[in-house]
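Spelled out, the chains give:
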Amino acid sequence: MNMDVKYRSYGENRPLMIVIGIVAAVGLIWMEIFDKLFKISMQVSMWFWVLYLLLLIILGIMTRIKSRFVANNFNVTFTRVFSRKIVIDYLDIDEITVYTIMQRGRRQHIYHNFYVEVIEFKTIDGKEYVFKNIMDINPDSRVAAMLGMNKIFEMGKFKVLQKFIEQKKHDFYSQDDTIKRR
């Protein structure tokens, strides 16, 4: 049985957005300089501007694409936009920690609270991997108050992944013990 889950990553695209902003500003300056030096026609200039704006829109949309993890019997693979795939083998995992933090954000001039679920992997070779997910829970809702936040946090995507990995590791080690006993 495999897990294939999409999630809304938190804070991973912030450096990318800064780079896109800088590239956009430099691109505008270069387009103006190119236009002044070579005196290109208005029609060609308009096509450059349209393509440039289209590129910025596509990059903006791509940064909003959900991240993804796929867990199988042996490893978990995290895929992020504009990043390489990160594959973590279960047998290499030394420790898995999952916790939730509340963040405060501003949307349309109104502050709202939201939860971010964080999973940290520490491997045997000393590497650390951290992934963050914006949870689909409104901490200010009545449903969250009635159910209890602990029960809701137990249903988080990364918490379920943690349980899945721990079960697979347990199954592997118990199977390994059975083979040794024979």
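This text goes with the structure placed above it.
Here goes a summary of the coordinates provided. (Residues numbered from 1 in each chain as written. Predicted model: local features only at pLDDT ≥ 70, side-chain atom pairs only at ≥ 80, totals over all residues. Heavy atoms only, no water.)

With that out of the way, let us pick up the sheet that holds strand E2 (residues 67-71). Taken in spatial order, the four strands of this open sheet run E1-E2-E3-E4, and their pairing is antiparallel. The outermost strands of the open sheet, each flanked by one partner alone, are strand E1 (3-7) and strand E4 (86-89). Between one strand axis and the next, the sheet turns by 15 degrees as a mean value, whatever way the strands run. Pairing geometry for E1 and E2, over five bridges, is antiparallel. Residue Tyr7 lies in a different strand from E2, and its bridge partner there is Ser67. (Pairing = 2+ DSSP bridges. Helix = DSSP H or I, 4+ residues; strand = E, 2+ residues; numbered from the N terminus. Axes fitted to C-alpha atoms, helices over the stretch in contact; angles between N-to-C directions.)

The geometry of an aromatic ring pair comes down to the distance between the two centres and the angle between the two planes. Within this structure, the stated rule accounts for ten aromatic pairs. When the ring of Tyr7 is compared with that of Phe158, the centres are 5.1 Å apart and the planes differ by 70 degrees; the resulting orientation is edge-to-face. Within this pair, whereas Tyr7 is found in strand E1, its partner Phe158 is found in helix H5 (residues 157-181), the two being separated by 151 residues in sequence. The same class applies to Tyr7 as to Phe158, namely buried. Residues Trp49 and Tyr52 carry aromatic rings whose centres are separated by 6.2 Å and whose planes lie at 85 degrees to one another, so their mutual orientation is edge-to-face. Here Tyr52 and Trp49 lie together in helix H2 (residues 42-63), a separation of three residues that amounts to about one turn. Through pairs of rings, three or more aromatic residues link up here, namely Tyr7, Phe69, Phe78, Phe121, Phe131 and Phe158. (Phe/Tyr/Trp six-rings, centres within 6.5 Å; stacked < 30°, edge-to-face > 60°. Buried < 20%, exposed > 50% of the residue type's maximum accessible area, 1.4 Å probe, protein only.)

Let us now look at the sheet that holds strand E7 (residues 128-134). Through backbone hydrogen bonds, the strands of a sheet pair up, either in parallel or in antiparallel fashion. Across the sheet, three strands lie side by side as E5-E6-E7; this open sheet has antiparallel pairing. Bordering the open sheet on either side are strand E5 (93-107) and E7, each of which pairs with just one other strand. Here the average twist between neighbouring strands, direction ignored, is 20 degrees. As judged from the 14 bridges shared by E5 and strand E6 (residues 110-123), these two strands associate in the antiparallel manner. Residue pairing in the sheet places Gly105 in a bridge with His112 of E6.

The next point concerns H2. Three- or four-residue spacings in an α-helix give side chains the same orientation, since the helix completes a turn every 3.6 residues. Over its 22 residues, H2 runs 32 Å from end to end, which matches the ideal 32 Å to within 8%, given 1.5 Å per residue. Burial in H2 covers these residues: Ser45, Tyr52 and Thr63. Down the axis, H2 shows its buried residues gathered within 25 degrees of arc, on one side only. In H2, the exposed positions angled more than 90 degrees off the buried face are occupied by Gln43, Trp47, Ile57 and Ile61. (Expected span 1.5 Å × (residues − 1). Arc of directions from axis to C-beta.)

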